[in-house]
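Fold and geometry: a report
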Amino acid sequence: MCKYIIDGGKRLNGEIEIEGSKNAILPILAAAIINRDVSVIHNCPALRDVLLMIEIMRELGCKVDFDGETAVIDSSCMNSYEISRKNALEMRSSIIFLGPVLSRMGKITISHPGGCELGPRPVDLHLKALRMLGAEIYDICNGLIYAKADNLKGCEIQLDYPSVGATENIMIAAVLSEGETVIRNAAKEPEIVDLQNFLNAMGAEIKGAGSGIIYINGNGRDKNSLHDVEYTVIPDRIVAGTYMAAAAITGGDVVLKNVITDHIAPVISALKESGTQFFTYDDSIRVKGPEKLAAIEIIRTLPYPGFPTDMQAQLVSVMSVADGTGIMIETVFESRYKHVDELVKMGANIKVDGRIAVIRGVKALKGADVTARDLRGGAALIVAGLKAEGCTIVNDSKHIERGYVNIEKKLASVGANIVKMQ
Ligand code: UD1
């Protein structure tokens, strides 16, 4: 089992380049199959989830070249609508192929992604919306979803919750539908805006992403209306936020390059409360942690532009060594505190009751043998290990590799004592 070994207590100092956004590239890759042409996508992070997406695209018949930075996808030769159970179950995000494959091929079979480390992960909103667009969807036994639609027809869709994945599936499917689709209570995340920009760059007509109401003028599968596209993905706001937490907790002084500050404003605001200072430049930001972190009174995770659930775990690590008590309320996912038991092994004082965690800051964390149970929870253990006295071993690094490119190398380049062991 791969692991990270950290000798904590070093202040971070230097520069870190932030990679392209995982949550932006995944739907963009899936969307690249609808233009029947070539998509060139830059700033594509070399992550396990990206490689899995590429494997699925090849399974569907697309030609994909990826050099670790730029992906070139030729979807003209796509000839399958079936995604193997093995690939679908390997990553929850495979559900993002539902809208693109259905609208391009008129049918799809894919396994239900099932639950995951964060608790149940239903796709009811995705299915309900695609049914409204005219798809017939059969949730067959053994978790297999079969959907077909000769012609999708644009309509008004009111989402019960601003689901990121459902919004993306509807946007992509609606591009090849007849007439206008309006998504109300749509997710507003920056990755939704990036998807709109990518689809528009290949000839789609979408507006409103980021506002909560998205208008898609469908082309009714007109083969000539979409074309080849070259696009650069936005930087990863959660990766940037994680390195901000690492700089803050170690009392470090780190410049993060390739950052869109607005995208990570709620995290900056919370860390400012802890005494962390920020200095913003064009596309970079300097993060200067305090000698002693002040308590952050309360953080509530929410859909964008609220505080991101994907930064909850890393901020719990920061709060665990602050001077006083803080409260975290997780409103987005049912079961997202698996990192807490591991932090407690390191000496943290955290009590969880349902969606609420009460974090009483301790004077010091102590290195321990801990295990990453999910992606962001694993990153939080690295953040804690950077501060802890002595040696921390974070087992099961594969979770963390899903979302961070060379995290150990980037942290080591700013002075952390961290290595990855195979
Ligand atoms: C995306 C992000 C993930 C982030 C999450 C919330 C990607 C690849 N992943 O996940 O990193 O943590 O947004 O910001 O972009 N829900 C339903 N029914 C549905 C769909 C969702 O009940 O059909 C619920 C989920 O169980 C969850 C909440 O809605 O409680 C938010 O989920 P959603 O916004 O869909 O997250 P993802 O798109 O899966």
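In the block above lies the structure referred to throughout.
Here goes a summary of the coordinates provided.

The rules behind these values
Residues numbered from 1 in each chain as written. Predicted model: local features only at pLDDT ≥ 70, side-chain atom pairs only at ≥ 80, totals over all residues. Heavy atoms only, no water. Pairing = 2+ DSSP bridges. Helix = DSSP H or I, 4+ residues; strand = E, 2+ residues; numbered from the N terminus. Axes fitted to C-alpha atoms, helices over the stretch in contact; angles between N-to-C directions. 1 Å grid on protein atoms, 1.4 Å probe; cavity = no way out; pocket = protein on both sides within 12 Å on 5 of 7 lines; lining within 4 Å. Points joined across faces, edges and corners; volume = space filled by probe spheres on them. Nonpolar A, V, L, I, M, F, W, Y, C, P; charged D, E, K, R; others polar. Salt bridge = Lys/Arg side-chain N within 4 Å of Asp/Glu carboxyl O. Near = heavy atom within 4 Å. Polar contact = N/O pair within 3.5 Å; in protein donor to acceptor, adjacent residues only side chain to side chain. Areas by Shrake-Rupley, 256 points an atom, 1.4 Å probe, with all protein chains shown as cover. Core = buried A, V, L, I, M, F, W, Y, C linked by side-chain atoms within 4.5 Å. Buried < 20%, exposed > 50% of the residue type's maximum accessible area, 1.4 Å probe, protein only. Contact = heavy atoms within 4.5 Å.

Observations concerning the sheet that holds strand β19 (residues 349-353)
- Strand order in the open sheet formed by four strands is β17-β18-β20-β19, and the pairing between neighbours is mixed. Strands at the two margins of the open sheet, each flanked by one partner only, are β17 (298-300) and β19. Across the sheet, the mean angle from the axis of one strand to that of its neighbour is 15°, orientation sign disregarded.
- Strand direction decides the pairing type here: β17 and strand β18 (residues 325-329), joined by three bridges, are parallel. Looking at the pairing, I299 lines up with M328 of β18.

Re empty space enclosed by the protein
- Using the criterion set out here, one finds three cavities of 30 Å³ or more in the structure.
- For the largest cavity, the calculated volume is near 60 Å³.
- Tallied by class, residues from the lining of the largest cavity come to three nonpolar, two polar and four charged.

Examining the pattern of salt bridges
- By the definition in use, this model includes 18 salt bridges.
- Three or more residues joined by partner-sharing salt bridges are found here, namely E342, K345 and R373.

Digging into the site of the ligand
- Contacts to the ligand come from 19 residues, most closely from D124, S163, G165, D310 and V332.
- Here an oxygen atom of the ligand sits 3.0 Å away from a polar atom, N or O, in the side chain of N23.
- Protein contacts shield 84% of the accessible area of the ligand, which totals 740 Å² for the unbound molecule.
- Contributions of two or more residues to the shell around the ligand are made by α5 (124-132) and α6 (164-175).
- Among the elements that line the shell around the ligand, the one with the most residues is α5, at three residues.

Some thoughts on the nonpolar core
- Ranked by size, the top nonpolar core spans 78 residues in total, and within it F97 and L199 carry the most contacts.
- Look past the residues within four positions of L199 in its chain and what remains in contact with it is A31, I34, I172, V175, A204 and I206.
- The next biggest cluster of nonpolar side chains, apart from the first, holds 67 residues, and it includes I264, V287, I359 and V362.

Interpretation note: all reported values are geometric properties and have no functional meaning in isolation.
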